[in-house]
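One letter stands for each residue in the lines below.
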Amino acid sequence: MAVILFFISQVPREAFGLTFLLFSMAFAGLAGLFFLAGEKLSFRKILLAGLLLRLAVFPFAPQWSDDFVRFLWDGELLKIGQNPYDQTPREWQEGNVDPDNAYRNLLFENLNSPDYYSVYPPLNQAIFWLGAQASMGFVWNGYYALRVVLLFGEIGVFILLWKLLMAFQLPVKRIFWYWFNPLVIMEVTGNLHFEGLVLLFLLASICAIQKGKLGLSGGFWGLAIGMKLLPLMLGPAFLAFEKSRKSVRFWVGTTLAIVIGFTPLLIDSSWVNFFQSLKLYQGKFEFNASIYYLLREVGYWIEGYNTIAFLTKILSLSTVILIGYFSRKRQPKSLFELVDLMVLIYLIYLLLQPVVHPWYILPALGFSVIRGKLTVLLWSLGAIFSYQAYGNVDFQEQSIFLILEYGLVVLGIYLDYFPKRNKTT
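Going along each chain's sequence as written, the residues are numbered from 1 onward. This being a predicted model, a pLDDT of at least 70 is required before a residue's local features are given, and a value of 80 or more before pairs of side-chain atoms are given or counted; all residues contribute to the totals for chains, interfaces and linings. Based on all heavy atoms of the structure, the side-chain values leave hydrogens and waters out of the count.

> Mind showing me how you'd approach the overall build of the protein chain here?
Helix and strand content of the protein chain: 22 helices and 0 strands. The C-alpha radius of gyration computed for the protein chain amounts to 21 Å, which stays within 12% of the reference 22 Å derived for 425 residues, consistent with globular compactness. Counting every position in the protein chain, which comprises 425 residues, the buried fraction comes to 55%. Across the protein chain, every contact between residues at least 6 apart in sequence was considered, and the portion connecting residues at least 24 apart equals 77%. A residue counts as positive if it is Lys or Arg and as negative if it is Asp or Glu; His and the chain ends are not included. By convention, the charge on Lys lies at NZ, on Arg at CZ, on Asp at CG and on Glu at CD. Charged side chains of the protein chain number 33 positive and 27 negative; the gap between the two group centres comes to 18 Å. Segments assigned H or I by DSSP are reported as helices when at least four residues long, segments assigned E as strands when at least two residues long, and all are numbered from the N terminus. Taken over C-alpha atoms, the radius of gyration is set against a globule rule of 2.2 Å times the number of residues to the power 0.38. To sort residues, take the accessible area from a 1.4 Å probe on protein chains only and compare it with the maximum for the residue type: under 20% means buried, over 50% means exposed, and anything in between is partly exposed. Note on contacts: a residue pair is in contact if any heavy atoms of the two residues lie within 4.5 Å.

Quick look at the structure:
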């Protein structure tokens, strides 16, 4: 698996055929490890094996995503005392022309969103600043620094998952689903996406509840929100869970973490530009969607044009209603049931979104390790089909690959949520 990951890390995303072949081989390695492993496993050996796989992708520039360029751009602005929310990169570059600054000019030339305000929360920006401090004028220094931070975050995820599996008296080898998963390794360590840190904070929140430290639990959830806004949708789950709902300390901890994490947005009215970019992102872009694409085709048939502006509002409202409904209906009585509800909330969100990048599913995959759900594990295999779009010049998605990807998701939903109908299976 390490050899395969070493090679796939050098394959550009445009070469979908080779990417798919190598990824499938790596995933077959994951399946082999899981089914061949015994029940008694060595913490140290499993930890070191997963680190080996991550170190295999460490030397190379991210191939599947160029988001890291924006990370380093925002960090560079912070490094020189500028506000990354104040101007778009193009506005800033045009007002600060410096032909001698080759590093900053190189970053600008490779940005995938030069005309959008930064959409990354302040906690993300703090890590970007660390990357900029380490760069010293070289892009690779910057992304190596970010990679080290994410690698330590992954070690934390491994430790917390191991502890929770032991606490719930579950098979420890379930941790393979995350720790040896090629999608996790490529998207977090390889392509520098921060969902690994989001999962770290969310798992820390669950562990803190287990130990009766409700204030700390709320603080960790607030940090997860500060890293990426998405964990905010887990609020109804915490409200439905009696221990967190009735704990003043939990909500005080959450509030303090959110206030500290988002206070920088009050500088120069940064929050206006921040939320403007969020709104544009939500109502303009579409990629690797499922239900949204089906409804979009209905919109074309009825109206004759892309009804994305209307559909995103309807689907966002539907997401809120469904999350509230299932949180109220399930009313988790135990921590195990709370984790199960969190998996379901993530599934609801992801299935109704117009943009579903593969790394979005990673927190749900971490929770699935604990709960033993197959849907997100199968999705982590099928997610590779989304990279087919990068294999052509105009980034056109092909229906057959969407069908293959979401066919696996539907299979997982059937196996996980319709047990009476698939008892034999």
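> Is there a simple way to think about the environment of R44 in this case?
Assignment of secondary structure puts R44 in helix 3 (residues 43-57). We classify R44 as exposed; its relative accessible area is 55%. For the pair formed by R44 and L338, sequence separation is 294 residues and the distance between their alpha carbons is 29 Å.

> I tried to follow the pattern of salt bridges on my own but got confused; where do I start?
When their charged atoms lie close together, side chains carrying opposite charge are able to pair. Only one rule defines a salt bridge in this text: a Lys or Arg side-chain nitrogen within 4 Å of an Asp or Glu carboxyl oxygen. Summed over all chains, the structure comprises 10 salt bridges. For D74, the salt bridge is made with R70, and the minimal N-O distance between the two is 3.0 Å. Placement of the pair is D74 and R70 together in helix 4 (residues 67-79), with a separation of 4 residues, close to one helical turn. The exposure class assigned to D74 is buried, which follows from its relative accessible area of 0%. Looking at R70, the relative accessible area reads 3%, which means it is buried. Among the salt bridges present, the one from R296 reaches E297, with a minimum N-O distance of 3.7 Å. Of the residues examined, R296 reaches a relative accessible area of 16% and is grouped as buried. A cluster of three or more residues bridged by salt bridges with shared partners is formed by R330, D340, R371 and K373.

> What is the right way to read a negative patch on the surface from this model?
To count toward a patch, a residue needs a relative accessible area over 30% and no salt bridge; like charges are then connected within 9 Å, while nonpolar side chains (Val, Leu, Ile, Met, Phe, Trp, Tyr) are connected within 5 Å. Computed with the Shrake-Rupley method and a 1.4 Å probe, the accessible areas treat only the protein chains shown as cover for residues. Judged by side-chain charge, D86, E91, E94 and D268 come together as a negatively charged surface patch. Tracing the backbone through its elements, the reader meets E94 in helix 5 (residues 89-95).

> So what exactly am I meant to see when it comes to the nonpolar core here?
Across soluble globular proteins, nonpolar side chains have a tendency to be buried as a group. By nonpolar core we mean a set of buried residues, namely Ala, Val, Leu, Ile, Met, Phe, Trp, Tyr and Cys, connected to one another through side-chain atoms within 4.5 Å. Of all hydrophobic cores here, the largest spans 134 residues; its most connected members are L203, L338, F367 and W379. Ranked by residues supplied to this core, first place goes to helix 19 (residues 335-352) with 15 residues.

> I tried to follow the packing of helix 7 (residues 122-135) against helix 12 (residues 214-227) on my own but got confused; where do I start?
Each pair of packed helices gets described by two things: the angle between the helix axes and the distance between those axes. Running from N to C, helix 7 and helix 12 point in directions that differ by 70°, and their axes come no closer than 6 Å. Relative to helix 12, the element helix 7 lies roughly perpendicular. Contacts between helix 7 and helix 12 involve L123, N124 and I127 from the first element and L223, G226 and M227 from the second. Amino acid classes used here: Ala, Val, Leu, Ile, Met, Phe, Trp, Tyr, Cys and Pro are nonpolar; Asp, Glu, Lys and Arg are charged; the rest, including Gly, are polar. Taken together, the residues of the contact of helix 7 with helix 12 sort by class into 4 nonpolar, 2 polar and no charged. For helices, the fitted axis covers only the stretch in contact; all axes are lines through C-alpha atoms, and the angles between them, taken along N-to-C directions, range from 0 to 180 degrees. Working definition: roughly parallel below 35 degrees, roughly antiparallel above 145 degrees, roughly perpendicular at 65 to 115 degrees, and oblique for all remaining angles.

> Honestly, helix 11 (residues 195-210) in this entry has me stumped. Any pointers?
For the α-helix, the turn length of 3.6 residues means that residues three or four positions removed from each other point alike. Taking 1.5 Å as the rise per residue, helix 11 with 16 residues should run 22 Å; its terminal C-alpha atoms sit 23 Å apart, in good agreement. At the exit of helix 11 stands G212, carrying a positive phi of roughly 80°. For a helix, the expected span equals 1.5 Å multiplied by the number of residues minus one.

The quantities given are spatial measurements derived from coordinates; they are silent on function.
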